Amino acid sequence: MRRPWDAIAWWEIRRIAFNAALLVAGAVTVLVVLGLGDSMVPPGEDVVEPSLLFLLGAAYAVAANIFYTLGWLTELLWSAGDTSRTAAQRPRVFRLGMIVSILLTLAPSVPMLLLWLVHRRA
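So, here is what we can say about the structure in this document. (Residues numbered from 1 in each chain as written. Predicted model: local features only at pLDDT ≥ 70, side-chain atom pairs only at ≥ 80, totals over all residues. Heavy atoms only, no water.)

**Some words on the pattern of salt bridges**
According to the stated counting rule, one finds 3 salt bridges in the structure shown. Among the ionic pairs, Glu-12 bridges to Arg-15, the shortest N-O distance being 2.7 Å. A residue pair is termed a helical-turn pair when its members lie 3 or 4 positions apart in one helix, as Glu-12 and Arg-15 do in helix α1 (residues 4-38) at 3 residues. The exposure class assigned to Glu-12 is partly exposed, which follows from its relative accessible area of 30%. For Arg-15, a relative accessible area of 14% puts it in the buried group. (Salt bridge = Lys/Arg side-chain N within 4 Å of Asp/Glu carboxyl O. Helix = DSSP H or I, 4+ residues; strand = E, 2+ residues; numbered from the N terminus. Buried < 20%, exposed > 50% of the residue type's maximum accessible area, 1.4 Å probe, protein only.)

In C-alpha cells, the structure reads:
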C-alpha cells in the first residue's frame, strides 16, 4: 500500500511541465489571434483589448491549474487512499490530460485562421 502523498508528489512534480506546455500553446494562440486579427481590422483598432487578453489569460491559467489538481484528487478518490492501485495509470492519464489541455489552449487559433482565410479571399 502506498501513501496518498506519493500520488500528490508525482502529480505536483509534473505541474511544471504542464504549465510550461500550456504557456507555449497559449503564446502561439495569442500570436495567431493578434497577428491574423490585426490584419482584419482597420489600422489603429485592436482585435482584442490588451487588458482583457491579459485578464482572460490569467483566468485561464488559474482554471487550468484547478483542473490539473483534479488529477491527483480523483486518483485519491479512485484508489481509496491506496495509490498503488492507480499508479500504473498515472502516466496515461497525465498524457491524455496534457494533450486535451494543449488542444483546448490552441483552439481559438482555428476559427481565427478560418476567419483570416475567408477575409483574405473577400
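Anyway, onward from the coordinates.
**Quick look at the side chain of Arg-15**
Separated by 2.9 Å, the side chains of Arg-15 and Thr-69 make a polar contact. Those residues in contact with Arg-15 that lie beyond four places of it in its chain are Asn-65, Tyr-68, Thr-69 and Trp-72. (Polar contact = N/O pair within 3.5 Å; in protein donor to acceptor, adjacent residues only side chain to side chain. Contact = heavy atoms within 4.5 Å.)

**Concerning the nonpolar core**
Ranked by size, the top nonpolar core spans 12 residues in total: Ala-7, Ile-8, Trp-10, Trp-11, Phe-18, Leu-22, Ala-64, Tyr-68, Trp-72, Leu-76, Phe-94 and Met-98. Looking at this core, the elements that each hand over two or more residues are α1, α2 (50-79) and α3 (90-106). Among the elements that make up this core, the one with the highest residue count is α1 (6 residues). With sequence-adjacent residues up to four places away left out, Leu-76 is seen in contact with Pro-4, Ala-7, Ile-8, Gly-81 and Thr-83. (Core = buried A, V, L, I, M, F, W, Y, C linked by side-chain atoms within 4.5 Å.)

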